[in-house]
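# Descriptive analysis of the structure
Here is what each chain is made of, one letter per residue.
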Amino acid sequence: MVTYTPALMTDMYEYTMLDATLQDGTAQRNCVFEIYTRHLPQGRRYGVVAGIGRILDALEQFHLSDEELRFLSDRHIVSKETIAWLENFSFKGSIRGYREGEMFFPNSPILQVEGSFGECTLLETLLLSILNYDSAVASAAARMVSAAKNRPCMDMGGRRTNEWAAVAASRAAVIGGFKGTANLLAAQLYDLPAIGTAAHSFTLVHDNETDAFHSQIKALGKGTTLLVDTYNVEEAVRTAVEVAGPELGGVRIDSGDLAAMAQRVRNQLDALGATNTTITVTNDLDEYALAALQTAPVDSYGVGTMLVTGSGAPTCAMVYKLTERENGDGVLQPVAKKSKDKASVPGRKLAYRSFEYNLADTEHVVSGSEEKLAAFDAPEDWKNLLVDYVDHGTIDSSYQGHDAIMNAQKHCATSLAQLPITAQSLMRGDPAIPTEITVL
């Protein structure tokens, strides 16, 4: 069985850069790297930060085994001297950034990583892969939750992405406001509510629908949810109530015109006395389909493909750029790219959000040297957006685990409610609030 750690979940050039800088002495230069996105996916009004807890988990495991060191050596990826440097490697730097569940916009300094060039460069691909995907899923989830209008959404996307992405997506979906997942590993790892009963194959393997429903109710009780669109929905609903009685927990519809079908099923259930039986709908839902179902008598939604693919935006296009570095004289100085359409803002950052009439109106990014930022006096009513996650290698564990996920979910809902109501529009438009950058 192949075992691995996050330390090889990276691009080769992170290690070749490490090797070269160890040889020329620049690997030890103190640096500040920043993760941000130049733009939101086309037409989106906001993004949701997700993946911080997974990053902290990965940092705890970011050590190379003897087998992995042997791989780097056998492939001649790095020199023997670098192998020796890596033998006892652990990240000793500091990380600060936006809270998990926070809204972000173009040029928001979502994460800032400070340490030696050598240790910071090794983290680039891992940090970007986690933040880009998890934030894409959380952003899509938040849009879906808004469109669902207080009806719970459940993650059913595991079979529509790779197996590890499915686990990450479940966690990110809950941060965006989803209430549970069908993925058992995610439920186990993060103590999330697990959901699921039976598929069409369960009905098909039985001689008839009545036998299938009897079997499920015997195993799971009358509070279970029966899938009613394998053959004929109207007949299935009638059979379901006959078998379970009016105490039947719920029915699920997975095909057809979901709004029209839900209305007919609701009326039929009520006529049969099953007035408390709930209706769940699934079948390639996205935020636009959920919005179209707002007037339908649906109680909950199961969302798959569009959730785990970011509803058409599977990445947030985040980048990891060096913004400050120690020069040959040992002095920290801001640095920046000047490439066409890819220029970066030099220096470490502060980030605030200002409000008017209790609604966010501007994202403020302040850039400068450590001394200038320490002297910066932000207005009292500006909200500081940055928190410390890692302090010289010591991880703040309060941002890991189940409670951190639920806190992030609450923070996401609060932060979204603080944006202008246009943020929740599904129509394409500009970011909900502008970002103003000040270089001190």
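As a reminder, the structure under discussion sits directly above these lines.
Calculation criteria
Residues numbered from 1 in each chain as written. Predicted model: local features only at pLDDT ≥ 70, side-chain atom pairs only at ≥ 80, totals over all residues. Heavy atoms only, no water. Helix = DSSP H or I, 4+ residues; strand = E, 2+ residues; numbered from the N terminus. Buried < 20%, exposed > 50% of the residue type's maximum accessible area, 1.4 Å probe, protein only. Areas by Shrake-Rupley, 256 points an atom, 1.4 Å probe, with all protein chains shown as cover. Lys, Arg positive; Asp, Glu negative; His and termini not counted. Charge placed at Lys NZ, Arg CZ, Asp CG, Glu CD. Expected span 1.5 Å × (residues − 1). Contact = heavy atoms within 4.5 Å. Pairing = 2+ DSSP bridges. Axes fitted to C-alpha atoms, helices over the stretch in contact; angles between N-to-C directions. Phe/Tyr/Trp six-rings, centres within 6.5 Å; stacked < 30°, edge-to-face > 60°. Lys NZ or Arg CZ within 6 Å of the ring centre and 35° of its normal. Salt bridge = Lys/Arg side-chain N within 4 Å of Asp/Glu carboxyl O.

Turning to the overall build of the chain, a few remarks are in order. Secondary structure assignment for the chain yields 16 helices and 19 strands. With respect to the principal axes defined by its C-alpha atoms, the chain has extents near 85 × 60 × 35 Å. Put simply, the chain has 440 residues, and 51% of those count as buried. Of the roughly 20,300 Å² of accessible surface on the chain, 50% is carried by carbon and sulfur atoms. Placing the 37 positive and 55 negative side-chain charges of the chain at their respective mean positions leaves the two points 4 Å apart.

Before going further, it helps to spend a moment on helix 1 (residues 12-24). When the terminal C-alpha atoms of helix 1 are compared, their 19 Å separation across 13 residues agrees well with the 18 Å that a helix rising 1.5 Å per residue should span. Residues of helix 1 that are buried in the fold lie against helix 3 (66-74), helix 4 (80-86), helix 5 (117-122) and helix 6 (124-148). Gly 25 sits one or two positions beyond helix 1 and adopts a positive phi of about 95 degrees.

With that out of the way, let us pick up the sheet that holds strand 3 (residues 94-98). Within the open sheet, the 7 strands sit side by side as 13-12-1-5-3-17-18. Their pairing is antiparallel. In the strand order of this sheet, the two ends are held by strand 13 (332-334) and strand 18 (394-395), each with one partner. Summarising the sheet, strand 12 (residues 318-326) and strand 13 pair through 3 bridges and their orientation is antiparallel. If you follow Glu 326 over to strand 13, its bridge partner there is Leu 332. Running over the sheet, helix 2 (residues 52-60) touches strand 3, strand 5 (111-116), strand 17 (386-391) and strand 18 and is turned about 15 degrees from strand 17. Most of the contacts of helix 6 go to strand 12, to which it runs at about 140 degrees, and overall it touches strand 1 (30-37), strand 5 and strand 12.

Turning our attention to the packing of aromatic side chains. The full count for this structure, using the stated rule, is 7 aromatic pairs. Ring geometry for Phe 33 against Phe 117: centres 6.0 Å apart, planes inclined by 40 degrees, an arrangement best described as tilted. Pair noted here: Phe 33 is in strand 1 and Phe 117 is in helix 5, with a separation of 84 residues, a long-range link. An identical accessibility class is assigned to Phe 33 and Phe 117; each is buried. When the centroid spacing of 4.8 Å and the interplanar angle of 75 degrees are considered together, the rings of Tyr 389 and Tyr 399 count as edge-to-face. Of this pair, Tyr 389 sits in strand 17 while Tyr 399 sits in the loop between strand 18 and helix 16 (401-417); the two residues are 10 residues apart in sequence, bridging distant segments of the chain. Residue classification places Tyr 389 among the buried residues on the basis of a relative accessible area of 1%. Through a chain of ring-to-ring contacts, three or more aromatic side chains come together here, namely Phe 33, Phe 117 and Tyr 320. Its guanidinium or amino end placed over the ring of Tyr 190, Arg 171 lies 5.6 Å from that ring's centre, counting from NZ or CZ.

This part covers the pairing of strand 17. Pairing between strand 3 and strand 17: 4 bridges, direction antiparallel. Each residue of the ladder has a partner; that of Gly 97, found in strand 17, is Val 387. Bridge count between strand 17 and strand 18: 2 bridges; the pairing is antiparallel. Paired with Asp 391 across the strands is Thr 394, a residue of strand 18. Turn length for the strand 17-strand 18 hairpin, with the two strands adjacent in sequence and antiparallel, is 2 residues, and the turn residue His 392 shows positive phi of about 50 degrees.

Another aspect to go through is the side chain of Glu 209. With respect to the helices, strands and loops of the structure, Glu 209 is situated in helix 10 (residues 209-220). As a buried residue without a salt bridge, Glu 209 has its nearest oppositely charged side chain in Arg 238, at a separation of 9.0 Å. Beyond its immediate chain neighbours, meaning those up to four positions away, Glu 209 contacts Thr 203, Thr 230, Tyr 231 and Ala 236.

Let us look at the pattern of salt bridges. On inspection of all chains with the given rule, the structure shows 15 salt bridges. Across the salt bridge formed by Glu 234 and Arg 238, the nearest N and O atoms sit 3.5 Å from each other. Separated by 4 residues within a single helix, Glu 234 and Arg 238 lie in helix 11 (residues 233-244), roughly one turn from each other. Linking Asp 270 and Arg 266 is a salt bridge whose minimum nitrogen-to-oxygen distance equals 3.1 Å. Of this pair, Asp 270 and Arg 266 both sit in helix 12 (residues 258-271), separated by 4 residues, roughly a single helical turn. Taking the relative accessible area as the measure of exposure, Arg 266 reaches 13% and is therefore buried. Taken together, the shared-partner salt bridges connect Glu 102, Arg 353, Glu 363 and Lys 383 into one network.

Read these as layout, nothing more, since geometry by itself doesn't imply function.
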